[in-house]
Amino acid sequence: MDIVLSGIRSTGKLHLGNYYGALRNFIRMQEENRCYFFIADLHSLTTHPDPKMLHENVKNVLVDYLAAGIDPEKSVIYVQSDVKETIELYLYLNMHAYLGELSKTASFKEKARKQPDNVNAGLLTYPALMAADILVHRADKVPVGKDQEQHLEMTRRFARRFNNFYGVDYFKEPVAYNFGEELVKIPGLDGSGKMGKSEGNAIYLSDTPKEIEKKVKRALTDSGPTVPNSEKPDYIENLFTILRVVSTPEVVEHYENLWNRCEIRYGDLKKQLAEDIITVTAPIRERVIELSSDDTYLRKVAQEGAEKARVSAAATLKDVREIVGFKRF
Ligand code: TRP
């Protein structure tokens, strides 16, 4: 059985893009693999979050993931900062991570541009912490999006370098993992490429039906096609892309036909789209509401997850300390 691991950003609530882009894959993966899913609260410190908000953010993410179908009986779900072994491994990896390569990382350069007043060392060594997350469980596969591929490549390099330096064959080189078909990229409703929190165009799994209707209604459209069977502009194609994941094939075909005959009424399309998004998200939203007020259950999940994660992480660190040369007196 393969070990699969992924880190989840602890900033903010989950949206449809997260759900179809990643989460649904996680849910399927947990049937066939030993899965570790953790909430990356240590990584979030690079942007100096308000201490009063930190726990709330972690809780929201935990609730969203459980509500959407991550099953703590099947997967190990834990909070990154509960597993201190990660931090220790991060330190060892940092000793073999070089300024040149770290400062050339795309995510570092982007963050340095976005927050020029806060180009801290944690930001620089973000890839080493991510490598520690992965290597601490000696994971085989990591489900990541395109934006994380470089980090995964660096993880492989750090693993190789550790092995070479100490003359061991200890860390495996993890590979990127997609479950089954291509990942669906959910576009924004504003005609932009991608649905995202920072893009301000997201529909959240916990949005109320009213909020969903309002957001869909605001989606960018035009006066409609005038030439039969014409190509759709991006912002219309985006609506169809979402329709294809939340609706039935019959519904999609119906609107495709209307489009092709230049008879489409965007008001109807939007009404249908909102309705189907609501149908898909309603059960998740109900669970979100239930779980949010069940602190006893959340504590149990977080504690048990951390315990299980620590067993695996402690075994790795015991070996690593020995390899590095630390001995007990
Ligand atoms: N960097 C990832 C992101 O921004 C989150 C993350 C942290 C992660 N550690 C990880 C993902 C380990 C996969 C494996 O989305």
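Presented here is a report on the structure given in the accompanying data block. (Residues numbered from 1 in each chain as written. Predicted model: local features only at pLDDT ≥ 70, side-chain atom pairs only at ≥ 80, totals over all residues. Heavy atoms only, no water.)

Some remarks on the site of the ligand
Part 1: Not every one of the 13 residues close to the ligand is listed here, only the nearest: G7, R9, Y126, D133 and Q148.
Part 2: At a separation of 2.8 Å, a nitrogen atom of the ligand approaches a polar side-chain atom of D133.
Part 3: Note that a nitrogen atom of the ligand is positioned 2.9 Å from one of the side-chain N or O atoms of Q148.
Part 4: Protein chains bury 94% of the 360 Å² of accessible surface belonging to the ligand in isolation.
Part 5: Sorting the residues of the shell around the ligand by element identifies β1 (3-9) and α8 (126-135) as the ones contributing at least two each.
Part 6: Looking at side-chain class alone, the shell around the ligand contains seven nonpolar, four polar and two charged residues. (Near = heavy atom within 4 Å. Polar contact = N/O pair within 3.5 Å; in protein donor to acceptor, adjacent residues only side chain to side chain. Areas by Shrake-Rupley, 256 points an atom, 1.4 Å probe, with all protein chains shown as cover. Helix = DSSP H or I, 4+ residues; strand = E, 2+ residues; numbered from the N terminus. Nonpolar A, V, L, I, M, F, W, Y, C, P; charged D, E, K, R; others polar.)

Thoughts on the environment of I242
Part 1: Residue position: I242 is located in helix α11 (residues 234-246).
Part 2: Residue class for I242 comes out buried when judged on its relative accessible area of 0%.
Part 3: Considering only alpha carbons, one finds I242 and I277, 35 residues apart in sequence, at a separation of 8.6 Å.
Part 4: Residue contacts for I242: discarding those within four places in its chain leaves L16, I186, P187, L189, L273 and I277. (Buried < 20%, exposed > 50% of the residue type's maximum accessible area, 1.4 Å probe, protein only. Contact = heavy atoms within 4.5 Å.)

As for the packing of aromatic side chains
Part 1: Counting across every chain of the model gives nine aromatic pairs.
Part 2: When the centroid spacing of 4.6 Å and the interplanar angle of 20° are considered together, the rings of F26 and F37 count as stacked. With a gap of eleven residues between them, F26 in helix α1 (residues 16-29) and F37 in strand β2 (residues 34-40) connect regions that are remote in the sequence.
Part 3: Centroid distance Y170 to F171: 5.0 Å. Interplanar angle 70°. Geometry classified as edge-to-face. Across the pair, F171 and Y170 agree in class, each one buried.
Part 4: Through a chain of ring-to-ring contacts, three or more aromatic side chains come together here, namely F162, F165, Y166, Y170 and F171.
Part 5: In this arrangement the basic side chain of K141 is found over the ring face of Y177, its NZ or CZ atom lying 4.2 Å from the centre.
Part 6: K232 extends its terminal NZ or CZ atom over the ring of F240, reaching a point 4.4 Å from the ring centre. (Phe/Tyr/Trp six-rings, centres within 6.5 Å; stacked < 30°, edge-to-face > 60°. Lys NZ or Arg CZ within 6 Å of the ring centre and 35° of its normal.)

A closer look at empty space enclosed by the protein
Part 1: Tallied over the full model, the rule gives two cavities of 30 Å³ or more.
Part 2: Taken together, Y92, L93, H96, F158, R161 and F162 make up the lining of the second largest cavity.
Part 3: Broken down by element, the lining of the second largest cavity gets its largest block of residues, three residues, from helix α9 (residues 149-166).
Part 4: Counted by class, the lining of the second largest cavity contains four nonpolar, one polar and one charged residues. (1 Å grid on protein atoms, 1.4 Å probe; cavity = no way out; pocket = protein on both sides within 12 Å on 5 of 7 lines; lining within 4 Å. Points joined across faces, edges and corners; volume = space filled by probe spheres on them.)

Observations concerning the layout of surface pockets
Part 1: Each pocket or cavity is described by its volume, and for the second largest pocket that value is around 290 Å³.
Part 2: Lining of the second largest pocket is provided by 14 residues; of these, H55, V58, L62, V79 and A302 occupy positions nearest its centre.
Part 3: Of all the secondary structure elements, the ones that give two or more residues to the lining of the second largest pocket are α3 (51-68) and α14 (295-324).
Part 4: Of the residues belonging to the lining of the second largest pocket, the class tally is six nonpolar, three polar and five charged.

Here we look at the nonpolar core
Part 1: In terms of nonpolar packing, the biggest core is built from 59 residues, with L23, Y65 and I277 touching the most fellow members.
Part 2: By residue number, the principal contributor to this core is helix α13 (residues 266-292), which donates nine residues.
Part 3: Residue assignment places this core across two domains, with domain 1 (3-185 + 295-324) and domain 2 (209-289) each supplying three or more.
Part 4: If we ignore the near neighbours within four places in the chain, the residues touching Y65 are I8, L14, L23, F26, I70 and I77. (Core = buried A, V, L, I, M, F, W, Y, C linked by side-chain atoms within 4.5 Å. Domains from an automatic or database assignment.)

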